[in-house]
Amino acid sequence: MEVQAYAKLNLSLDILGKRPDGYHELRMVMQSISLADTLTLTEHGGEGLRVRANLHFLPTGERNLAAAAALRFWEARGQEPEDLDIAIEKRIPVCAGMAGGSSDAAAVLRALNARAGEPFSPLELAKIGERVGSDVPYCVLGGTALAEGRGEILTPLPPLPACWVVVCKPDFPVSTPELFAQADRVKLRCRPDTRGLLAALEAGDLGGVARRMYNVFEDVMPPRLHARVAEIKNELIQRGALGACMSGSGPTAFGLFDREGAAEEARAALRERCRDTFLCRTV
Ligand code: ATP
């Protein structure tokens, strides 16, 4: 069985506060895009659960989120783990703010559910995904959605009007825990206009959405890294993007385009700087 695991982008990301349980209260508008990993699930003879990927540094055992998802699925069904091989062809950059691992986990849940004759509804499947990671429920449902709480409280939204998306992941690492810690230390000066963004989605106004995209992590990044993300965003805007934003805890930045030609030119220009640059559609 072959399944696609789509990357997600944050059209917005806001931190509302810190909760007593230590997690942050978030409000995010999420969008899936056509950049995807491909997972192939194959039954095999008597060796339990195996996971392998075309990237050697990814965990192969239960620490791989795809394997964790399979185990949670069988647990929810009250059954023993099966003899299953999961081969992951990674295209979504790792640790990039695009929920690649969560998306692989969600794809496994959808595939196993389909294979078992859909015993779980999409919402039940999302609930099982919550035990694998906070972004997994969104990845199970996909599309355009508002994610609140830790990211697991989902409200489907009118789809983002069809457009081209240029995604660029610069070549430096970011630490998500450090960004959250820094967000706790400083007063956030800029916040996304989430209500305005939702109204623009409701109105099918692509430009209105693009102009309101914002991610509070952009402002709490170390200045040197912030400058590199800002450079990419500027290049996207100068080449015709209606708006540009960073996704998740970064460092990936992306722009929304209403013209394919401009998007293609932006992709080619940014590709000179960053190997991990992609031209995508929304899903
Ligand atoms: P998010 O946007 O949800 O914060 P991310 O894009 O920043 O996620 P991922 O690419 O999902 O980060 O990977 C985060 C960590 O998860 C990495 O340390 C990686 O080793 C681990 N991981 C486990 N399974 C996978 C998988 N199937 N694909 C990618 N990473 C995985």
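Residues numbered from 1 in each chain as written. Predicted model: local features only at pLDDT ≥ 70, side-chain atom pairs only at ≥ 80, totals over all residues. Heavy atoms only, no water.

(A) View of helix α6 (residues 194-202). Buried within α6 are the following residues: Thr194, Gly196, Leu197, Ala200 and Leu201. End-on view of α6: buried residues confined to an arc of 160 degrees, all on one side of the axis. Residues Arg195 and Glu202 are exposed on α6 and point more than 90 degrees away from its buried face. At its buried positions, α6 is contacted by β1 (2-18), β2 (24-43), β5 (144-149) and α7 (206-212). Phi for glycine 204, located one or two positions after α6, is positive at around 65 degrees. (Buried < 20%, exposed > 50% of the residue type's maximum accessible area, 1.4 Å probe, protein only. Helix = DSSP H or I, 4+ residues; strand = E, 2+ residues; numbered from the N terminus. Arc of directions from axis to C-beta. Contact = heavy atoms within 4.5 Å.)

(B) Just the site of the ligand, in detail. Surrounding the ligand, one finds 19 residues, the nearest of these being Lys90, Cys95, Ala99, Gly101 and Asp135. One of the backbone nitrogen or oxygen atoms of methionine 98 is found 3.1 Å away from an oxygen atom of the ligand. Relative to its free-state accessible area of 620 Å², the ligand is covered by the protein chains to the extent of 77%. The element contributing the most residues to the shell around the ligand is helix α2 (residues 100-115), with four residues. Tallied by class, the residues present in the shell around the ligand amount to nine nonpolar, five polar and five charged. (Near = heavy atom within 4 Å. Polar contact = N/O pair within 3.5 Å; in protein donor to acceptor, adjacent residues only side chain to side chain. Areas by Shrake-Rupley, 256 points an atom, 1.4 Å probe, with all protein chains shown as cover. Nonpolar A, V, L, I, M, F, W, Y, C, P; charged D, E, K, R; others polar.)

(C) Spatial organisation of the side chain of aspartate 104. In this fold, aspartate 104 is placed in helix α2. Residue classification places aspartate 104 among the buried positions, given a relative accessible area of 3%. Among residues more than four places away in sequence, those in contact with aspartate 104 are Ala5, Asp37, Leu39, Ala66, Ile88 and Lys90.

(D) Fine view of the pairing of strand β6 (residues 153-156). The pairing of β5 with β6 spans four bridges and is antiparallel. Among the inter-strand pairings, leucine 146 is bridged to a residue of β6, identified as threonine 155. Hairpin geometry of β5 and β6 is characterised by an intervening segment of three residues between the two adjacent antiparallel strands and by a positive phi of about 120 degrees at glycine 151. (Pairing = 2+ DSSP bridges.)

(E) Here's a closer look at the packing of helix α1 (residues 65-77) against α2. Relative to each other, α1 and α2 sit at 35 degrees, their axes nearing to 8 Å. Seen from above, α1 lies across α2 with right-handed handedness. Here Leu65, Ala66, Ala69, Ala70, Phe73 and Trp74 of α1 come into contact with α2, specifically with Gly101, Ser102, Asp104, Ala105, Val108, Leu109, Leu112 and Asn113. Of the residues belonging to the contact of α1 with α2, the class tally is 10 nonpolar, three polar and one charged. (Axes fitted to C-alpha atoms, helices over the stretch in contact; angles between N-to-C directions. Left-handed = near helix turned anticlockwise from the far one by under 90°.)

(F) Geometry of the packing of aromatic side chains. Here the structure, examined in full by the defined rule, presents two aromatic pairs. Both rings, one in phenylalanine 180 and one in phenylalanine 217, keep their centres 5.0 Å apart while their planes meet at 85 degrees; by these two values the pair is edge-to-face. One end of the pair, phenylalanine 180, is in helix α5 (residues 176-185); the other, phenylalanine 217, is in helix α8 (residues 217-220), and 37 residues separate them in sequence. Assessed through its relative accessible area of 19%, phenylalanine 180 is described here as buried. Among the residues examined, phenylalanine 217 registers a relative accessible area of 2% and is labelled buried. Lying over the aromatic face of tyrosine 23, arginine 150 brings its terminal NZ or CZ to 3.8 Å of the ring centre. (Phe/Tyr/Trp six-rings, centres within 6.5 Å; stacked < 30°, edge-to-face > 60°. Lys NZ or Arg CZ within 6 Å of the ring centre and 35° of its normal.)

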